[in-house]
Amino acid sequence: MTAMTMTEKILALAAGKPSVEPGDNVWVRADVLMTHDVCGPGTIGIFKREFGKQARVWDRDRVVLIPDHYIFTGDEKAHRNVDILRDFAGEQELPHLFDVNTPRYKGVCHIALAEEGFTRPGEVLLGTDSHTCTAGAFNEFATGIGNTDAAFVMGTGKLLLKVPPTMRFVFDGEIPDYVLAKDMILQIIGDIGVDGATYRALEFAGEAVMRLSMEERMTLANMVIEAGGKNGIIACDGTTRAYLRGRTAKRYEAVENDPGARFQTERRYDARALEPTVAKPHSPDNRALARELGEVKLTRAYIGSCTGGKLTDFVNAARVLRGRRVAVDTFVVPSTTDVSRGLRVETVEGRPLLEIFKEAGCQISVDASCAACLGGPRDTFGRINGPEVCISTTNRNFPGRMGAKEGQVYLASPYTVAASAITGRITDPRELLQ
Amino acid sequence: MSTVRGRVYVVGDNIDTDQIIPAEYLNLVPTIPEELEKLGSYAMAGLARTPDQPPFVPRDAMKTPYTIVVGGKNFGCGSSREHAPIALGAAGVDAVVAESFARIFFRNCVATGELYPCETPVRLVDAFRTNDEAVLDVDANTLTHVATGVVHRLRPLGDAGPVIAAGGLFAYARQTGMIPSAASTPGADLGPSAGPDD
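Residues numbered from 1 in each chain as written. Chains lettered and ligands numbered in written order. Predicted model: local features only at pLDDT ≥ 70, side-chain atom pairs only at ≥ 80, totals over all residues.

Caption draft 1: Representation of the packing of helix 2 (residues 40–51) of chain A against helix 3 (residues 76–92) of chain A. Residues and elements named next belong to chain A. Their axes nearest at 9 Å, the elements helix 2 and helix 3 cross at an angle of 50 degrees. For the element pair helix 2 / helix 3, the angle class is oblique. As for how helix 2 packs across helix 3, the hand of that crossing is left-handed. Contacts from G40, P41 and I44 in helix 2 reach N81, I84, L85 and F88 in helix 3. (Axes fitted to C-alpha atoms, helices over the stretch in contact; angles between N-to-C directions. Helix = DSSP H or I, 4+ residues; strand = E, 2+ residues; numbered from the N terminus. Parallel < 35°, antiparallel > 145°, perpendicular 65-115°, else oblique. Left-handed = near helix turned anticlockwise from the far one by under 90°. Contact = placed C-beta atoms within 7 Å.)

Caption draft 2: Inspection of the sheet that holds strand 10 (residues 265–270) of chain A at higher detail. Residues and elements named next belong to chain A. Strand order in this open sheet of four strands is 9-8-7-10, and the pairing throughout is parallel. Because the sheet does not close on itself, it has two edges, and the strands there are strand 9 (231–234) and strand 10. Neighbour to neighbour, the strand axes of the sheet diverge by 20 degrees on average, direction disregarded. Across five bridges, strand 7 (residues 166–172) lies against strand 8 (residues 201–205) in parallel orientation. Residue pairing in the sheet places F169 in a bridge with F204 of strand 8. Lying on the sheet, helix 1 (residues 6–15) is in contact with strand 7, strand 8 and strand 9; it crosses strand 9 at an angle near 105 degrees. (Pairing = 2+ DSSP bridges.)

Caption draft 3: Spotlight on the sheet that holds strand 1 (residues 3–10) of chain B. All names here are of chain B. Across the sheet, which stays open at both edges, the seven strands sit in the order 4-3-2-1-5-6-7 with mixed pairing between neighbours. Each edge of the sheet is formed by a strand with only one pairing partner; in this case those strands are strand 4 (116–119) and strand 7 (151–153). Within this sheet the neighbouring strands show an average axis-to-axis angle of 30 degrees, counted without direction. With four bridges joining them, strand 5 (residues 133–137) and strand 6 (residues 142–145) adopt antiparallel strand pairing.

Caption draft 4: Representation of the domain arrangement of chain B within the structure. Residues and elements named next belong to chain B. When its domains are assigned, chain B resolves into domain 1 (3–157) and domain 2 (168–198). Computed over C-alpha atoms, the centres of domain 1 and domain 2 are 27 Å apart. Facing the seven residues of domain 1 at the interface are five residues of domain 2. Classifying every residue of the side of domain 1 that touches domain 2 gives three nonpolar, two polar and two charged. (Domains from an automatic or database assignment. Nonpolar A, V, L, I, M, F, W, Y, C, P; charged D, E, K, R; others polar.)

Caption draft 5: Focus on the interface of chain B and chain A. Contacts between chain B and chain A engage 46 residues on the former and 54 residues on the latter. If you list the elements that add at least two residues to the side of chain B that touches chain A, you get helix 1 (17–20), helix 4 (103–112) and helix 6 (169–175) of chain B. Of the residues that constitute the side of chain B that touches chain A, the class distribution is 19 nonpolar, 16 polar and 11 charged.

Caption draft 6: Representation of the domain arrangement of chain A within the structure. Residue and element names in this part refer to chain A. For chain A, the domain assignment lists domain 1 (6–250 + 261–269) and domain 2 (278–431). Look at where the C-alpha atoms of domain 1 and domain 2 centre, and you get two points 24 Å apart. With 36 residues of domain 1 at the interface, the matching set in domain 2 holds 37 residues. Of all elements in the fold, only helix 4 (109–115), helix 6 (181–192) and helix 8 (214–222) reach the threshold of two or more residues within the side of domain 1 that touches domain 2. Considered class by class, the residues forming the side of domain 1 that touches domain 2 number 15 nonpolar, 12 polar and nine charged.

Structure (structure tokens):
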């Protein structure tokens, strides 16, 4: 038997083969297909065109529709697109539509998938969004696909995938208390570059990784696409199982690397040596340390998205913001409705997060969505509409990513963003964290 | 179609999908014909252009005069939005020739059959200038600079070539019997065979 990595094992299982090797093209069974309001309508259009108007999806229970991108906007086409998802769910009797203006509405799909129990160890999750890789934190194969591939999966439940070789990243020791998962992944992307993992799987391992919460692990897996990666993956442990308990009733089977499994590369980090890290405009691999950028004056700060808008991210931001005032416009956007509720309930030093952000002078959206992470329609909350200099907990800082091309975006952890919001310049959170 | 002749548009490294089609236009649905045409008119609207670089789609036009885009490394990085290759195709582009491609963009080119994503073993962004005329021969894997006659070799498309030539994933799947040619839901008859190499 060939010794396989976690990614190879999942793909072999889903292909019904005893083993696979990197480079093999295999037909893989999908366990879950996710689409949203930006790519769903096109996917549905292709599905109907190719399989016929009367065609049924391959498995109603495995198709998940999560409108999240352009929700709180006056844009009529954006509303029309949600209508297309709704009509399709009606026609096909799909049970998993998390519809706008209903109590089921969730917000950002990658966080919603986890919260609703759709991210399960050992499975294959395909989604029409490049950050679908986030779910690799749950020990599954998860990757982003286009509309045509998604329409094919919708009709057949299968997709031809090339098995990626695995690059392994091991973090030894414990991270310092001023370092977050965002710093770890920005460190990696800076080391290997925005195309350093093209076509590859990235495995995160080591004591520092396995000590992270699920939400922090999701931050690691979320940004593998920023290095060109196909998927990210982390072993399953008690933390994984505890998160899934009560969220899914389905049986799942975790996978481990076989002894002797081959990695294309293995890179080791001393977690104790990591420092608060920033990606400068206009590329996620344009790395610097926060303490080196004290001269950079900011005009705004942004906390939100699938990368940096989870409850943990807001707790971390609140630790820095508690009892302080921001010096620049600071936007707070919860990723999901659960996170939005959490802002009222969760406390830091006895104070609810929402109160901490209000007292700090932040501009808070209670509406959960992707919002300005990718710019969006002109009226999107927090969108960059001019030559702003923004520090953000989001994932991309390409030209124009958050709106105007004249804008500059620095990517950083919730600690660093909060600290920088207070001083109005890029600030190492050690200056403010007690 | 195995050759493409036309003017080239030259861009740099890491041209991401936000530059190819800015997110504010993602409210347009590619399978709706008039919205597809509009997507084409916004192709490369997000490009951080240099002062001497002409617009990709001229003002008030719906199409681009350029049929081949020549790029550097990691073309199409970022989002999985299929709107990116679709917008280029709708604008009138037939091929992108780049040093390397981001995985999902490459895959979307193949699945849609919209564009030839051709990789070059050497960097060509300095060998061409925007508006130069070129001939791409997909069978011979060459890109010829018409004015100088210099022939640049391309990497073979591999498994992806026949899929693009067939017109995309669905057309290819029907051609090879992977899914039935009539519109119906296929099931377990999907066998392993050559296909879109991502």
